[in-house]
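Now for the letters of each chain:
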Amino acid sequence: MAGRVHLVRHAEGLHNLRRDLEIADAQLTHRGHDAAEALGRQFVKDSTDSVGAIFASPLRRTIETSLETFHRVLSPAHYPHNSGKGARAWGVSLILNPDLQEISDYPCNTGSAPADLLAEFPELKSQIQSLPPKWFEKEGDWEPTDEAVIARKSRILKLLWITSQQLQSATDAEQKKRSDIVVVTHEGIILTLVPNADIQLASYKTFTLSKDAQGKISLI
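Remember, it's a predicted structure, so these values are computed and weren't measured experimentally. (Residues numbered from 1 in each chain as written. Predicted model: local features only at pLDDT ≥ 70, side-chain atom pairs only at ≥ 80, totals over all residues. Heavy atoms only, no water.)

### Focus on the overall build of the protein chain
For the record, the criterion: Under the DSSP-based scheme used, a helix requires at least four consecutive residues in state H or I and a strand at least two consecutive residues in state E, with every element numbered from the N terminus. Taken over C-alpha atoms, the radius of gyration is set against a globule rule of 2.2 Å times the number of residues to the power 0.38. Here's how the labels work: a residue is buried when its accessible area is under 20% of the maximum for its type, exposed when over 50%, partly exposed in between, all with a 1.4 Å probe on protein chains only. Accessible surface is estimated by sampling points in the Shrake-Rupley manner with a 1.4 Å probe; for residues, cover comes only from the protein chains shown. For the purpose of charge, His is not counted, nor are the chain termini; Lys and Arg are scored as positive and Asp and Glu as negative. Each charge is placed at NZ for Lys, CZ for Arg, CG for Asp and CD for Glu.
Of the regular secondary structure elements, the protein chain holds eight helices and six strands. Listed by position from the N terminus, the elements making up the protein chain come as β-α-α-β-α-β-α-α-α-α-β-α-β-β. Taken over C-alpha atoms, the radius of gyration comes to 16 Å for the protein chain, in line with the 17 Å a tight globule of 220 residues would show. Summarising its shape, the C-alpha atoms of the protein chain cover approximately 50 × 45 × 30 Å along the three principal directions. Here the protein chain holds 220 residues, and 51% of them are scored as buried. Put simply, the protein chain shows about 10800 Å² of open surface, and 50% of that area lies on carbon and sulfur atoms. Put simply, the protein chain has 25 plus and 28 minus side-chain charges, and the middle of one group is 5 Å from the middle of the other.

So this is what it looks like as structure tokens:
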């Protein structure tokens, strides 16, 4: 059975509003937070009961979009105590993946050091501490070169395929229904995964995972 992947583009960041690429690891604007909440209401109406995994870029605006948009889907452990946010029965864990960070090395697209993220998102301590060292320095696996980006695409698609197969092989009937994957990321990564995809800020589109006879994985 083919798995579904919902590609989500983050809501409006401060760098989008000001058109300033020099804003380091830009956060969401007030309008961005509102749009993320609106997206969450739309998503709940469409697909909330089918999500089994959520992956996100570790940049501030994608973390904020994930927490704001999917507070009806994510685990309550990701939110302050007694916030009322989070799905208590079937809350999904947010998985931060540096391959999903934006492609270029402009300041707005460069991540923050772990200590800075921990100060801002203390409930995501385990996720932040699990990130590879120096993922935010735009070197090695994450340097802004065509070769590195192609390698990132391959790793992302492989991860999505493996995760989809694991979700679909669940033995629990209720858990088995939750086989969809959400990916909260950036325009550059979206276009790398699905060329010509047109996903606006605080929007998403749904794709189907496919693997051909040669083992090539793609999103259709």
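### Re the pattern of salt bridges
Note the cut-off: Take a side-chain nitrogen of Lys or Arg and a carboxyl oxygen of Asp or Glu: if they are within 4 Å of each other, that pair is a salt bridge.
Scanning the model with the defined rule gives eight salt bridges in all. Between R72 and E37 there is a salt bridge, and its shortest N-O distance comes to 2.8 Å. Linking R72 in the loop between α3 (60-69) and β3 (94-96) with E37 in helix α2 (residues 30-47), this pair joins segments that are 35 residues apart in sequence. The salt bridge partner of R60 is E120, with a shortest N-O separation of 2.5 Å. Of the two residues, R60 sits in helix α3 while E120 sits in helix α4 (residues 114-120), which places them 60 residues apart along the sequence. Overall, R60 belongs to the buried group, its relative accessible area being 15%.

### Notes on the environment of A2
Under the convention used in this document: By definition, residues are in contact when any of their heavy atoms lie within 4.5 Å.
By the secondary structure assignment, A2 is in the segment before β1 (4-9). In the structure, A2 is positioned 159 residues away from W161 in sequence and 9.3 Å away in space, judged by C-alpha atoms. Not counting residues up to four positions away in its chain, the partners in contact with A2 are Q168, T208 and L209.

### Brief notes about helix α6 (residues 146-168)
Let me state the cut-off plainly: An expected span of 1.5 Å times one less than the residue number is assigned to each helix.
Relative to the 33 Å expected for 23 residues at 1.5 Å per residue, α6 spans 33 Å between its end C-alpha atoms, a close match to the ideal helical length. Every buried residue of α6 is listed here: A148, V149, R152, I156, L157, L160, T163, S164, L167 and Q168.

### As for the pairing of strand β2 (residues 51-56)
The cut-off we apply is this: Note: two strands are recorded as paired if DSSP finds a minimum of 2 bridges between them. The crossover handedness rule: strands pointing away from the viewer, path from first strand over the helix to second strand clockwise, crossover right-handed.
Within β2, five of the six residues are buried, which leaves it mostly tucked inside the rest of the structure. Across five bridges, β2 lies against strand β4 (residues 180-185) in parallel orientation. Within β4, the residue paired with A53 across the bridge is I181. Of the pairings in the sheet, the one linking β2 to β3 comprises three bridges and is parallel in character. Looking across to β3, one finds that F55 is bridged to I95. In this region the chain leaves β2, passes through α3 and returns to the parallel neighbour β3; the handedness of that crossover is right-handed.

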